[in-house]
Amino acid sequence: MRVPASPQMNAAVSVKADVSDAPTEPLGATPPSAPHAVASSRRPPGPGRFLAKDGPQATEFVPLGRGVLHIGRAHDAQLRLDDSWVSRRHAMIVHRLSAPRVIDDRGLNGTWVNGRRVSDAELHDGDVIVVGQTVLRYVEGR
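Residues numbered from 1 in each chain as written. Predicted model: local features only at pLDDT ≥ 70, side-chain atom pairs only at ≥ 80, totals over all residues. Heavy atoms only, no water.

(A) Spatial organisation of the pattern of salt bridges. As enumerated under the stated definition, the model contains 6 salt bridges in all. A salt bridge links Asp125 to Arg142; the nearest nitrogen and oxygen atoms lie 3.8 Å apart. Taken together, the positions of Asp125 in the loop between strand S10 (120-122) and strand S11 (128-131) and Arg142 in the segment after strand S12 (134-141) put the pair 17 residues apart, joining distant regions of the chain. For Asp125, a relative accessible area of 41% translates into the label partly exposed. On the accessibility criterion, Arg142 (77% relative accessible area) is exposed. In this structure, the salt-bridge partner of Glu140 is Arg142, at a minimum N-O distance of 3.8 Å. Connected via shared salt-bridge partners are Arg101, Asp120 and Glu122. (Salt bridge = Lys/Arg side-chain N within 4 Å of Asp/Glu carboxyl O. Helix = DSSP H or I, 4+ residues; strand = E, 2+ residues; numbered from the N terminus. Buried < 20%, exposed > 50% of the residue type's maximum accessible area, 1.4 Å probe, protein only.)

Take a look at the structure:
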């Protein structure tokens, strides 16, 4: 018995893929290294720009470099937060000479600065940044 071929069986299939989350590095490239956090009392360890995360005994200071700091739950985020309210790619801190900026990176629960939801905001010493249920402070060490 011979089965006739249907027209759909020979039709080409076109798939449009969303590559907005695709890595920009070549395959096999190592992800950017995470900044080394420094736990100390409630003061920055020295001059520079930092994100501070207060803990029960000490404050953890994450130095901000000259590039982009990715914040989220993803394993390749430079500031990885173990918070189920944080998206894999939640926010970025972008270096600028005048002042760094926080940019929401499509975080589902938003990025908040000083109680205001923002998509992009300039940071100033003492600003409080909330991603998910995690509270961070932008600190300029002198």
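(B) View of the sheet that holds strand S7 (residues 101-104). Pairing in this open sheet of 5 strands is mixed, and the strands run S5-S4-S6-S7-S10 from one edge to the other. Because the sheet does not close on itself, it has two edges, and the strands there are strand S5 (79-80) and S10. (Pairing = 2+ DSSP bridges.)

(C) How the structure looks around the packing of aromatic side chains. For the coordinates displayed, the defined rule picks out 1 aromatic pair. For the ring pair Phe50 and Phe61, a centre distance of 6.0 Å and an interplane angle of 80 degrees mean the geometry is edge-to-face. Of this pair, Phe50 sits in strand S2 (residues 48-54) while Phe61 sits in strand S3 (residues 59-63), and the two are 11 residues apart along the sequence. You'll find Phe50 and Phe61 in the same group, each marked buried. (Phe/Tyr/Trp six-rings, centres within 6.5 Å; stacked < 30°, edge-to-face > 60°.)

(D) Layout of the side chain of Asp127. By secondary structure assignment, the location of Asp127 is in the loop between S10 and S11. Buried Asp127, no salt bridge; nearest opposite-charge side chain is Arg116, N-O distance 8.7 Å. What Asp127 contacts, discounting residues up to four positions off in sequence, is Val113, Asn114, Glu122, Leu136, Arg137 and Tyr138. (Lys, Arg positive; Asp, Glu negative; His and termini not counted. Contact = heavy atoms within 4.5 Å.)

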